[in-house]
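Remarks on the overall topology
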Amino acid sequence: MTLQSHYIPNTPEEQAEMLAVVGADSIDDLFRDIPDAFRNPTLDLPAPMSELDVQRELAELASRNRPLGSGPSFLGAGAYNHFIPSIVKALMTRGEFLTAYTPYQAEASQGTLQVIYEFQTLIGSLYGMEVANAGMYDGATSLAEAVLMACRVTRRSKVAVSNTISPAYFQVVRTYCQSQGIELNTVSPASPGIDDATSCLVVQYPNFFGYVEDLEGLTGLAHANGSLIVVSADPVAMGMFNPPGHYGADIVTGEGQPLGIPASFGGPYVGLFSAKQQYIRQMPSRLSGRTVDSQGRTGYVLTLQTREQHIRRERATSNICTNEALYALASTIYLAALGKQGLRQVAELCYQKAHYAAGEIAKLPGYSLPLQGTFFQEFVVQCPAPPTDINRHLLERNILGGLDVSPNGDYGGEGIPNGMLFCVTEMNTRADIDALVTALGEYN
Amino acid sequence: MARGGGTRDTSKLLMERSVPGRVGAVLPESDVPPQAMPDDPLLRRDLQLPEVSEPEVVQYFTALSQLNFSIDTHFYPLGSCTMKYNPKINDEAAFQPGFAAIHPLQPGEQSQGALEMLHRLQGYLGEITGLPGVSLSTLAGAHGEFAGMLMMRAYHHARGDTARLKVAIPDSAHGTNPASAAMAGFEVVTVASDDQGNVDLEALHDLAGPDLAGIMITLPSTLGLFDTGILDVCRIVHEAGGLVYGDGANMNALLGRVKLGALGFDVIHLNLHKTFSTPHGGGGPGAGPVCVSEELASYLPSPVVARNGGGAEYSLSTPANSIGKMSSFHGNFGVLVRAYTYIRTLGKEGIESISANAVLNANYLMESLRDKYLIPYDRTCMHEVVFSADWQRARGVSGLEIAKRLLDYGFHAPTMYFPLIVHEALMVEPTESETKETLDAFIQAMRDIDREADEDPDLVRNAPHTTPVSRLDEARAARHPDLRWQRP
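Residues numbered from 1 in each chain as written. Chains lettered and ligands numbered in written order. Predicted model: local features only at pLDDT ≥ 70, side-chain atom pairs only at ≥ 80, totals over all residues.

Glancing now at the overall build of chain B. Looking only at helices and strands, chain B has 16 helices and 12 strands in total. For chain B, the C-alpha radius of gyration of 25 Å lies close to 23 Å, the compact-globule estimate for 488 residues. Across its three principal axes, chain B shows a C-alpha extent of roughly 75 × 75 × 45 Å. When burial is assessed residue by residue, chain B has 60% of its 488 residues classed as buried. Relative to all contacts within chain B whose residues are 6 or more apart in sequence, the contacts with residues 24 or more apart total 71%. (Helix = DSSP H or I, 4+ residues; strand = E, 2+ residues; numbered from the N terminus. Rg over C-alpha atoms; globule rule 2.2 N^0.38 Å. Buried ≥ 20, exposed ≤ 12 C-beta atoms within 10 Å, placed from the backbone. Contact = placed C-beta atoms within 7 Å.)

The next subject is helix H11 (residues 333–369) of chain B. Residue and element names in this part refer to chain B. An ideal rise of 1.5 Å per residue puts 54 Å on 37 residues; H11 reaches only 41 Å between its terminal C-alpha atoms. Where H11 bends most, the angle comes to about 100 degrees, and this point is Gly-347. In terms of residue burial, H11 counts as a mostly covered element, since 33 of its 37 residues are buried. (Expected span 1.5 Å × (residues − 1). Bend = angle between axes of the 7 residues up to and from the residue.)

The next thing to look at is helix H3 (residues 88–95) of chain B. Burial in H3(B) covers these residues: B:Asn90, B:Ala93 and B:Ala94. Taken end-on, H3(B) shows its buried residues confined to a sector of 95 degrees, consistent with a single buried face. (Arc of directions from axis to C-beta.)

Here we come to the interface of chain B and chain A. One frequently used descriptor of interface size is the decrease in accessible area upon assembly of the parts. With 168 residues of chain B at the interface, the matching set in chain A holds 166 residues. Examining the composition of the side of chain B that touches chain A, we find that 22 residues originate from one element, H11(B), more than from any other. The class makeup of the residues in the side of chain B that touches chain A is 83 nonpolar, 57 polar and 28 charged. (Nonpolar A, V, L, I, M, F, W, Y, C, P; charged D, E, K, R; others polar.)

This part is about the domain arrangement of chain B. We note that the domain assignment places domain 1 (6–65) and domain 2 (89–344) within chain B. Placing the centre of domain 1 of chain B and that of domain 2 of chain B at their C-alpha centroids yields a distance of 42 Å. (Domains from an automatic or database assignment.)

Cis geometry marks the peptide bond from B:Phe418 to B:Pro419, where omega comes out at 0 degrees. A cis amide bond, omega 0 degrees, links B:Ala463 with the succeeding residue B:Pro464. Tracing the sequence through the fold places B:Pro464 in the loop between helix H15 (457–461) and helix H16 (474–479). The backbone of A:Arg313 shows a phi angle near 50 degrees, a positive value even though the residue is not glycine. The class of A:Arg313 is buried, set by 22 C-beta atoms lying within 10 Å. Its identity as a non-glycine residue notwithstanding, A:Asn398 has a phi of 60 degrees, on the positive side. Within the fold, A:Asn398 resides in the loop between helix H11 (387–396) and strand E11 (403–404).

The next point concerns the sheet that holds strand E12 (residues 419–423) of chain A. Residues and elements named next belong to chain A. Read from one edge to the other, the open sheet built from three strands follows the order E10-E12-E11, with strand pairing classed as antiparallel. Of all strands in the sheet, those bounded by a partner on one side alone are strand E10 (378–382) and E11. Sheet topology note: the E10/E12 ladder contains five bridges and is antiparallel. Opposite Val-381, over in E12, you have Met-420 as the bridge partner. (Pairing = 2+ DSSP bridges.)

Formed by 307 residues in total, the largest nonpolar core has its most connected members in A:Val147, A:Ile333 and B:Met151. Counting residues per element, this core draws most heavily on helix H10 (residues 325–362) of chain A, at 23 residues. Contact partners of A:Ile333, with chain neighbours within four places excluded, come to A:Ile87, A:Val88, A:Leu91, A:Met92, A:Gly260, B:Val57 and B:Phe61. (Core = buried A, V, L, I, M, F, W, Y, C linked by C-beta atoms within 7 Å.)

The next point concerns the domain arrangement of chain A. Residue and element names in this part refer to chain A. Here chain A is described as being made up of domain 1 (70–79 + 341–443) and domain 2 (88–332). With centres defined by C-alpha atoms, the gap from domain 1 to domain 2 works out at 29 Å. Of the residues lining the interface, 23 residues belong to domain 1; the matching set on domain 2 comes to 19 residues. When contributions to the side of domain 1 that touches domain 2 are tallied by element, the ones reaching two or more residues are H10 and E10. It is H10 that contributes the most residues to the side of domain 1 that touches domain 2, seven residues altogether.

Right, let's get into the packing of H10(A) against helix H2 (residues 54–65) of chain B. Orientation of H10(A) relative to H2(B), taken along the N-to-C sense of each, is 155 degrees, at an axis distance of 9 Å. Taken together, the axes of H10(A) and H2(B) are roughly antiparallel relative to one another. Seen along the crossing, H10(A) lies across H2(B) with a hand that is right-handed. Judged by residue contacts, A:Ile333, A:Ala336 and A:Ala337 of H10(A) engage B:Glu54, B:Val57 and B:Phe61 from H2(B). Split by residue class, the contact of H10(A) with H2(B) holds five nonpolar, no polar and one charged. (Axes fitted to C-alpha atoms, helices over the stretch in contact; angles between N-to-C directions. Parallel < 35°, antiparallel > 145°, perpendicular 65-115°, else oblique. Left-handed = near helix turned anticlockwise from the far one by under 90°.)

Residues and elements named next belong to chain A. With respect to the helices and strands, Tyr-205 occurs in strand E4 (residues 198–205). Classification of Tyr-205 by C-beta neighbours within 10 Å gives buried; the count is 28. Between the C-alpha atom of Tyr-205 and that of Gly-254, which follows or precedes it by 49 residues, the distance is 9.3 Å. Ignoring sequence-local partners within four residues, the contact set of Tyr-205 consists of Val-212, Glu-213, Leu-215, Val-231, Ala-233 and Pro-244.

What follows concerns the environment of B:Val422. All names here are of chain B. Along the chain, Val-422 turns up in the loop between strand E11 (415–416) and strand E12 (425–428). Judged by the 23 C-beta atoms lying within 10 Å of it, Val-422 falls in the buried class. Residues Val-422 and Tyr-76, spaced 346 residues apart in sequence, show a C-alpha to C-alpha distance of 21 Å. When neighbours within four sequence positions are excluded, Val-422 is seen to be in contact with Pro-376, Val-386 and Ser-388.

Bringing the confidence of the model for chain B into the picture now. A residue-level look at chain B finds 99% of positions with pLDDT of 70 or above and a mean pLDDT of 96. Interface confidence for the predicted complex, given as ipTM, is 0.97, next to a pTM of 0.98. (pLDDT = per-residue confidence, 0-100.)

Moving on, we come to the pairing of strand E6 (residues 251–255) of chain A. Residue and element names in this part refer to chain A. Of all five residues in E6, five are buried, a share of seventy percent or more. Every second residue of E6 is oriented toward a common face, with Ile-251, Thr-253 and Glu-255 on one face and Val-252 and Gly-254 on the other, all of them buried. Two elements, strand E5 (residues 228–233) and E6, share three bridges in a ladder whose sense is parallel. Bridged to Val-230 within E6 is Ile-251. The pairing of E6 with strand E7 (residues 271–275) spans five bridges and is classified as antiparallel. Its bridge partner lying in E7, Val-252 is registered against Ser-274.

Below, the discussion takes up the sheet that holds E7(A). All names here are of chain A. Spatially, E1-E7-E6-E5-E4-E2-E3 is the arrangement adopted by the seven strands of the open sheet, whose pairing is mixed. Here the strands that pair on one side only, and so sit at the sheet edges, are strand E1 (131–132) and strand E3 (183–187). Here E4 pairs with E5 via six bridges, running parallel. Opposite Cys-200, over in E5, you have Leu-228 as the bridge partner. Each of strand E2 (158–162), E4, E5, E6 and E7 is contacted by helix H6 (residues 139–154), which is oriented at about 165 degrees to E6, the strand it contacts most.

What follows covers the packing of helix H2 (residues 51–63) of chain A against helix H5 (residues 112–129) of chain B. Where H2(A) contacts H5(B), the two axes come as close as 6 Å, and the packing angle between them is 130 degrees. Here H2(A) is positioned oblique relative to H5(B), judged by the angle of their axes. Contacts from A:Leu61, A:Ala62 and A:Ser63 of H2(A) reach H5(B) at B:Gly113, B:Glu116 and B:Met117. A breakdown of the residues in the contact of H2(A) with H5(B) according to their chemical character gives three nonpolar, two polar and one charged.

Here's what the structure looks like:
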C-alpha cells in the first residue's frame, strides 16, 4: 500500500481507473521487467513527516550552524559576505523562473533566454571582454574549463599556473587536467618562466592573498610566447580596478557568488566565463543569441550549439549541460540593481574598510603585513601565534576570523608562517573592525 | 513582448533603459577614516553598467518571468527531465540563515548542523541506490559523470591496468555520457540497442575485452524501458574486467523498486534536480552526487562528510585515493538541503509512491494515445513513454511541429528527436505530481493535434501561434552571432 502524499495527487480510486485503462492488475505489475530477485528490496529510510515536523527538524539543524550575520565575520578566500538587495530573492524565486527547465523550447522560454543575454552582456562588460557565456558551475570549474579551452586553442599542453591562485582552484584544475595529458607547472608571477610550448599562464586577480597582480606585464609576457593569459577575477573588484580585458586577457573567468548570491556553505554559485570573440567556437556551455521570429520580431535562442554535448557528443567542447542558470539570474538582477554607481560604491567600501582594518592591525605589537603591493578587500596578516589559536580566541568573542594560510593550515598551498587571510567587506562596520582589532590586541 | 509599453515592456534591454543618475540600490556611507586610493593607472574609468531604479528592475524581471513556461504555470512533460512539482518548503528550508548564510570555510564546530544533514543525506542516497560510498560534491549530472569516469580510470590505473582505454555507451545515451567519457580521456565505443530497446548483448560481448574500462548505461534507458538484460550486461562487463557506470537521470522510475548496486552497478550519479524535486531554475543549479560500491569508495571526489568520535562530531574528509576536488567547496549545498527536505518529508512510503505513480501515469498516457501515435518499442514503459510521430509525418506534419503546437494548447513540449535511435521521437514524462485531469487534458490535446494534421495541417506546421514569439530563426542566430548588447 502506498502513502497518499501531498505531492502526489492520484487517489487509490484514480489509480484503479488508470490501471484498468493500462490493462494491469496492480502497480507492481508495471515493474515486472525488474528481475524478481531484485524487485521491491527492503528500503531502510525514515517514516514520512508532516511539514510542521520537517520545519522543526530543519530549523534545529540550521540552529547548529553559525550564520555570517550573527557576529562580525572576516572570512573570505573565495566566498564573500556582501550586501544582497531584497529584490534579488524576491524575483529569482518567482515560479516562472525557478521551475522552468533549460530553455531548449525557445518560444516557451523567452524570459530565461533574455535573462541569459543580459547576463552575457553584463559579465562581458564587467570583465572588459567581447563575449561571455551563460555561466559555469562555479569559479573553480570555470577556471579549469578555461585551461582546457586554452590548450585546445593553442594546441599546446603545458600550463603555467601562478602560485598565488586559490589552492582549491589549483586542485580543481588538477582534477580536470589529470586525464588530458596536460602538464601543470606552478610558477611565481614575479618570474613565470613560460616558453613557446606553454599554452597559457593562469593568474588570479586580485590574487588569493588579495593583492593586484601586474596584469599588463604578465599579459605581455604570455603573448610574447604565443601563449594565452587566463585570468580568474573577482567581479566586485571590477567596480574599481581595470578589468583583465583592459590589458588584453584572452579568457577571463570568475566566481559569481559575490554578485548577489548567499555564501550557502559553498554553493550553489555560478561560474563566470568570458573570452575574446575569436575563441567563441571553443567555448564551453550555453550561449543565448538574439535573432528574429518568423514575423520579424526580436527573440532569443540558444545558439552555436554545435559546440555542445547534446549535438557533438564525444567531440563537444565540454560535457557541461545543466549549469547554474538561476544564479546567473541572481547576478543579473544584482548588477541591474547596483548598477554603475552601486558596484563602484561596494568596491570602494570594501577597499576603504579593508585598508582601515589592515592599518589598525599592523599597529598591534606582534602583528604585521608580510606582503607588498596593492590589495583590494583581502590581506594577509602575520600573527604572533598560530592562526587556529587566534581564531579560537576570536570565536569566544563571537568574531569569525580569517583563513589560516600558514604552511600547516588546512586550506593547502605553500603558506605564510602564522599567516591569516582576512577579508573585510561593506558588511563590516567600523565597530566590527574595532572589535576585531581589540580582540587581536588582547591575544598578543 | 510589449505589455502596454513603458518600463514593463520587455523589448528594451537593461542598457537601453539606462538613464544617467538613476540608482537601484543605496549603500551606507563609509564609516572609517578615508584611506589612500590605489595608484591611478590601476583604476577603472569605463565601467559600463545600467542605471535603473528599483521599481524598474522589479517590473522588467517580473515581465520577463511571465514569458516562460514553468512547472508552476504549465504541464511540462519534458522526457528525461523529470519536471515534477518542486515543493516550496524545500526552498524555505535552504533559505534560512543557518543554511544560506554559513561560510564554507568556517570552522567545523560552527557548522555541525550542516555537516550532520549532509552525512544523513549521504546515507539516504546510499540506501536508495544500494551503493554506500557517496560524495555530494559534484554540481550537476554531467559533473557526476565526469567524476565517475575519472574514478573508473583511477581504479584501473591503481591496479596497473592502464590499457583500458575504451568506454562502451549505448546508442540511446544522453550526449553528456560520451562527452564525459571523452573528458576523462576515454575512447567512446557505441553499442547498438536490440529490437526490444535493450543493449545488444552480442555486440557488447564482442567489444568486451582487455581494453574495455567499462560501460555507461542509463536505467531505465532513454527509451523509457527497463533493460531486461541488465544482469547480463553487468556480468559481461565485469567478466571482461570492466566497471558498470549508471546514469541516474531516470531514477524516478526506480525509487524503492530496485537498488542499482544489487544489480551490479559500480558507480552511478543521481540528478537531485530531477528525481529529488529541486527546482531546475531555467537550467540549474543541479546536484549530481556520485554513489559507489565499497570497493570504489576510496576514489570518491573530495570532500565527503565523515562521522567521527571526539571533538567535532562530523567533519569533511578526503578519501584515500580520491580523484581530487571537483568544485570550489563542498557541493551545491542549497540544492542538497532541498533534496534532504524532500526525502524527510516523503519518507520510505512516499519515496516508493513516487515511482509507483510516475510509472502508472506514463503507462496511462501510452495506452490512451496508442491508437493515434506510433509506439516504436511497444512494451510496458517506466516513467516516460517515447512515441514516434511517423504516422503524422506521413501526413506531412513533423514531430517538431506537433511539439510546437502543444505550446498553443498550454502544454510544454515533450523532448523532441531524442533518443536518436527513434525516428520523429516525442518523449513524454508526466511525473507523479500531475493530476489525472491534467493527463486527460494532455491526451485530448494530442488527439486534437492529430486531427488537425488532417484537417488543417498548416495550423500545426506554423505553430506556435500564441507564444510571445513565433518560430525563431536559429540559422541566422548561428551565422551572425549576436551574444551581447553593444552601444549603437
